[in-house]
Structure formats: C-alpha cells, structure tokens
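# Reading the structure
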Amino acid sequence: MVISKSDQYIELEQTYAARTYKPLDVVIETGDGVWVTDVDGNRYLDCLSAYSAVNQGHCNPRIKAAMIEQLNKVTLTSRAFRNNQLGPFLKTLSEVTGYDMAIPMNSGAEAVEAAIKAARKWGYLVKGIPDNQAEIITFSGNFHGRTTTVISFSSEEQYKENFGPLTPGFKIVEYGNLDALKQAITPNTAAILIEPIQGEGGVVMPPTNFLKDAFDVCQENNVLFIADEIQTGLGRTGKLFATDHAGIRPDIITIGKALSGGFYPVSAAIADEEILGLFNPGDHGSTFGGNPLGAVVAKTALEVLVDENLIERADEMGEYFMGRLRRLESDVVQEVRGKGLLIGMELSVPARPYAYELKALGVLAKETHENVIRFAPPLVISKEEIDWAMERIEQVFE
Ligand SMILES: *Cc1c(COP(=O)(O)O)cnc(C)c1O
C-alpha cells in the first residue's frame, strides 16, 4: 500500500500533538488568496478562512511585504521600551473603528480577558460596585476562547469538565432572551459580553432587534456592552462590525483573527478613554502584545480591508453566495443563515461526512456543532470562485 505524504504528516501530528483537535485530514502546504494546496498537490477552495482570520486572503501580498520589511528591522522590543510601529498601528485602528484607544494583545482569548478586566475596573471605579462583587452577564452557546476564566462562563460542558475550580463573577443567560437578560441585571452588573452572531455556536443569529434592545437595557442600567467581534468583525458580515447592522456602538469591542490577516497573532480590546483610560502602568501587559512586527502586520491588514473594499465585497458576495445556497434543492438542508460571508447551513443529519465529500471535490469547509456546515471564505473571493464552489456543493447536496 502506498502511504501518501499527507498520511505521514498526519501520523506525526497524531503522535506528537496533544489531541485537542480532530481536524479534517488535509495537510496544507501553501495558500494563495482563497486557494490552498496540500502536500500531495491537491488544490482546494478554503471556505473556513481559519475561522475568519484570513479575511484578506491567504498570504496577502501587501501584508506579506510589510511583514518581510519589518523582519529585516526589528521584531520584538517588549513594552519596556517603545517602538516606532505601535503608535501608527493604534492610530490607524482608532481611525478605522472610531474608538479612542486600544489595548493590544495576541490571541482572541487574551483580548476577551483584557475586556473583562477593563469592565471590572470600570465597574469598581466608575459605577461604584462594592469590592469583588462585579458581575458580567454572558450568553448560552457562547464562544470567547479557552483560558480558565473564559471557559468559566461557557455553556459547553466539555469545555469546563475537569478544569475547575472556575472563575466566579459570571452569569449565563439564554442567547436572544431579552427578559432573561433584564432579570439577570443587578446593581453589581458591570457588563454584558456578547457575540453579535455566534460563530462557533453554529452561526446562530439573535432575534431581530435583540442587540439593539439589549444595548438599550444596558444603557438604562449603566451596564457596559462588550461585543466580541473576534470572528464577526473586520468586514466578515458585510459591515466593519456585525453590531453596525444593529445600529449600536458597543462600549468595548474585542477583535483578533483578521486583525492580522492570519500572519501573526494580534488581538485587541478597543474602547474610549473613559474605560481604557482607567488602566494604569502595571495593570495589564503581555511580552509580545504591541510588538513592532505584529503592529506592522495589523496596520497593513486594516489598510488592505479598507483600500481593497473588502467589507463591501463581503456584503455583495455574501448575498450572492447565500442566495445560491438557499436555492439548493436538498433533503438534508434545513436552513441557510448568516450575514455577509459568515454563512451557516444547518443539516438534518451530522455534517462531518458532507465536509469530507466536499473536500474530495476541492472545497474545504468544516462542521460546527455537529449539524452545521460553515461557509466563510476569505473576503477576496470572486463571483466565479463562488460559482466554482457552488457546482461542487450542488453535486454533494442535490
Ligand atoms: C476565535 C474566537 C475567540 C478566541 O480567539 P483565539 O485567538 O482562539 O484565542 C474568541 N471569541 C470569538 C467570538 C471567536 O470566534
């Protein structure tokens, strides 16, 4: 029997990596735009985009050039010293998002942790919550990352099992249930933390008006609204932020993933001076957070989003892609939902076998929550490429 190159790499990973993932068995060697190629030379259209981290397309040439240029200068200073890239990056971030300032971190979970600390500090210093009593309200089906504090408010049992004791100070209410939210708020509530669309939860959309209503409830009760836009933000849903569709301006937004176009882990919590201005030297930090290499990459990744009109493109291409998916005539497709190029297709049966069938035809997509297939290609995708994918999707589902 011939052992493919892919099999050899899979064997290595199975042996030496802690088995915290169950990946689709494709071993990618190169990427270019929406396309990736595996070690055996097979080409695929990537419909996952590393969970929306490569919105700008794999190996985006402009981000790559900026990164290489910086690699020849300096990569890490730590924030014990200053560097000439952090300021320009944060200025661009502020101009693009309209928020006063940001706290730069690396992973998405770290951005969420920073937002939690900022909200708690605001709760004590500004709202006047008694010491150690601050509460943050989160929602069922949430995904905000994997640190011990963040899993403490997951509603997914496996994420928490055998990892206790968990961090107190969080409540979980039903996603989309405004009455439950109202009832959960107390004078000690500092913030709510919410995904405007639950990506990992299975591309779950809240009821119409829920985000706006929840935002109003927060305002009435002097509660901060923290939007986790690590997956939905930076153009994915056809607006800069998914909360823009609801016409609201969250008090804090967490971003990550596409903030670096997939080149390097860069994340941030962004907010205005009233909130992030409460942090003092020593309150928070990260050795790699705000490093010049990450800063250049993120600044360029933001410029690419804006200059190449990728946000508008996500809107236009998302509408086209979703329209075509909705016209699928299939016995197993129950619902197609989403916004822009964040699309979930719910099946009446487990989705993983379909992900493998799609892979065999050259389309990479992954199931999320058992029965949902997520289609979230890089925002640089063209209509022709969507047509190419649709031919294969039709073949599998019709
Ligand atoms: C991916 C994701 C995170 C965690 O990001 P990491 O970089 O994996 O830590 C947090 N929130 C949301 C909504 C995400 O999609």
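Not measured: the values here are computed from a predicted model.

About the criteria used
Residues numbered from 1 in each chain as written. Predicted model: local features only at pLDDT ≥ 70, side-chain atom pairs only at ≥ 80, totals over all residues. Heavy atoms only, no water. Helix = DSSP H or I, 4+ residues; strand = E, 2+ residues; numbered from the N terminus. Rg over C-alpha atoms; globule rule 2.2 N^0.38 Å. Buried < 20%, exposed > 50% of the residue type's maximum accessible area, 1.4 Å probe, protein only. Contact = heavy atoms within 4.5 Å. Areas by Shrake-Rupley, 256 points an atom, 1.4 Å probe, with all protein chains shown as cover. Lys, Arg positive; Asp, Glu negative; His and termini not counted. Charge placed at Lys NZ, Arg CZ, Asp CG, Glu CD. Pairing = 2+ DSSP bridges. Polar contact = N/O pair within 3.5 Å; in protein donor to acceptor, adjacent residues only side chain to side chain.

### Some details on the overall build of the chain
Scanning the chain for helices and strands turns up 14 helices and 15 strands. Taking 21 Å as the expected radius of gyration for a compact globule of 398 residues, we find that the chain reaches 21 Å, a close match to that expectation. Viewed in the frame of its principal axes, the chain has a C-alpha envelope of about 65 × 55 × 40 Å. Expressed as a percentage of the 398 residues in the chain, the buried residues total 55%. Sequence separation of at least 24 residues holds for 72% of the intrachain contacts in the chain that already meet a minimum separation of 6. Working note: accessible area of the chain is about 18000 Å², and carbon and sulfur atoms make up 49% of it. In the chain, 36 side chains carry a positive charge and 54 a negative one; their mean positions are 3 Å apart.

### Focus on the sheet that holds strand S2 (residues 35-38)
A sheet is described by the order of its strands in space; here four strands give the open sequence S1-S2-S3-S13, paired in mixed fashion. Two strands in the sheet have a free side with no partner beyond their single neighbour: strand S1 (28-32) and strand S13 (363-364). In this sheet, strand S3 (residues 43-46) lies alongside S2 in antiparallel orientation, the contact comprising three bridges. Paired with tryptophan 35 across the bridge in S3 is leucine 45.

### Points about the side chain of threonine 254
With respect to the secondary-structure elements, threonine 254 resides in strand S9 (residues 252-255). A polar contact is formed between the side chain of threonine 254 and the side chain of aspartate 228, at a distance of 3.1 Å. Those residues within four positions of threonine 254 in sequence are excluded, and the remaining contacts are Ala111, Val112, Ala115, Ala227, Asp228, Glu229, Ile230, Ala268 and Ala269.

### Side note on the pairing of strand S15 (residues 372-375)
With burial as the criterion, each face of S15 is covered, one bearing Val372 and Arg374 and the other bearing Ile373 and Phe375. Where strand S12 (residues 342-347) lies against S15, four bridges are found, and the strand directions are antiparallel. Within S15, the residue paired with glycine 344 across the bridge is arginine 374. Following strand S14 (residues 366-368), the chain reverses through three residues before pairing antiparallel with S15; histidine 369 in that reversal takes a positive phi of roughly 55 degrees.

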